[in-house]
Amino acid sequence: APIIKIEDLEKTYENGFQALKGVDLDIEEGEVLALLGPNGAGKTTLISIICGLAKATKGKVTVGGHDISHDFRKAREMIGLVPQEMSIEIFERVQANVRHSRGLFGKPRNDEYIERVLKDLTLWDKKDNRIRELSGGMKRRVMIAKALSHEPRILFLDEPTAGVDVELRKEMWDVMTELKKSGVTIILTTHYIEEAEAMADRVGVISKGELLLVEETDTLMKSL
Ligand code: ADP
Ligand code: ADP
């Protein structure tokens, strides 16, 4: 069974704007899926609904078999979200911050897991630094470590390389390639076709609230 199942999902905001129109999508465990589309296409809206930050107007989403409108907590526990904006407490220290996040999900704060995550993200040397002292790339890694703190099986990355320079984009691609090896299911949004091509097993193209197509990356690239 797919780890995420989205059926006929629609979202109309309070001002009457329809941001999602009848989206159907199955996401398989362990795959990397890129949601590709221009600004305003509805990518963040889609992620926000799956992660419970916004409510759908219509349709059904299940995460690990849990319907998010009935079993939201169980669904949310399976998900790590790296939002678009830097929402980190810059005065806190790296390790303390990530362990705190783990605690919020009711996991033991002081076990080995966080050490492993920080080492995998090459943050271990910086574990006692304050987040504000870190480079942009390191700050982004801390956001990812936080998102992974409760051992989710699914990781959402909303525009992980929007507005960063070429060097940092490459660095983030390396980080995502490493994450993929861990077997976590990754859904990233992007408006860079090169990023979708470099990272994803499958690409979903979104435009004006519609999921126009979902295709294996190789097949899609050959058809362009
Ligand atoms: P993307 O992530 O692809 O850039 P978004 O999901 O952020 O797209 O936005 C999709 C559309 O919905 C945009 O036209 C945006 O202006 C609109 N939108 C987003 N949030 C709201 C909101 N709270 N109220 C009304 N319209 C919104
Ligand atoms: P809208 O864009 O329609 O105003 P919001 O994003 O403001 O929707 O969501 C309304 C409220 O519903 C928020 O407090 C949010 O936490 C909650 N909520 C969102 N999704 C879910 C869900 N799947 N299950 C339970 N509550 C949810």
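Calculation criteria
Residues numbered from 1 in each chain as written. Chains lettered and ligands numbered in written order. Predicted model: local features only at pLDDT ≥ 70, side-chain atom pairs only at ≥ 80, totals over all residues. Heavy atoms only, no water. Helix = DSSP H or I, 4+ residues; strand = E, 2+ residues; numbered from the N terminus. Buried < 20%, exposed > 50% of the residue type's maximum accessible area, 1.4 Å probe, protein only. Contact = heavy atoms within 4.5 Å. Near = heavy atom within 4 Å. Polar contact = N/O pair within 3.5 Å; in protein donor to acceptor, adjacent residues only side chain to side chain. Nonpolar A, V, L, I, M, F, W, Y, C, P; charged D, E, K, R; others polar.

Per an unreviewed UniProt entry, the protein goes by ATP-binding cassette domain-containing protein and derives from Maritimibacter harenae.

Caption draft 1: Structural view of the environment of A196. Tracing the sequence through the fold places A196 in helix α7 (residues 193–199). Note on A196: relative accessible area 0%, which makes it buried. With 161 residues separating them along the chain, A196 and L35 place their C-alpha atoms 7.8 Å apart. With residues up to four places along the chain from it excluded, the contact list for A196 reads A34, T190, V203 and T217.

Caption draft 2: Broad picture of the site of ligand 2. Contacts to ligand 2 come from K11, Y13, E14, G52, L53, A54, K55, I68 and F72. The backbone of G52 places a nitrogen or oxygen atom 3.4 Å from a nitrogen atom of ligand 2. At 3.2 Å, a backbone N or O of I68 approaches a nitrogen atom of ligand 2. Considered class by class, the residues forming the shell around ligand 2 number five nonpolar, one polar and three charged.

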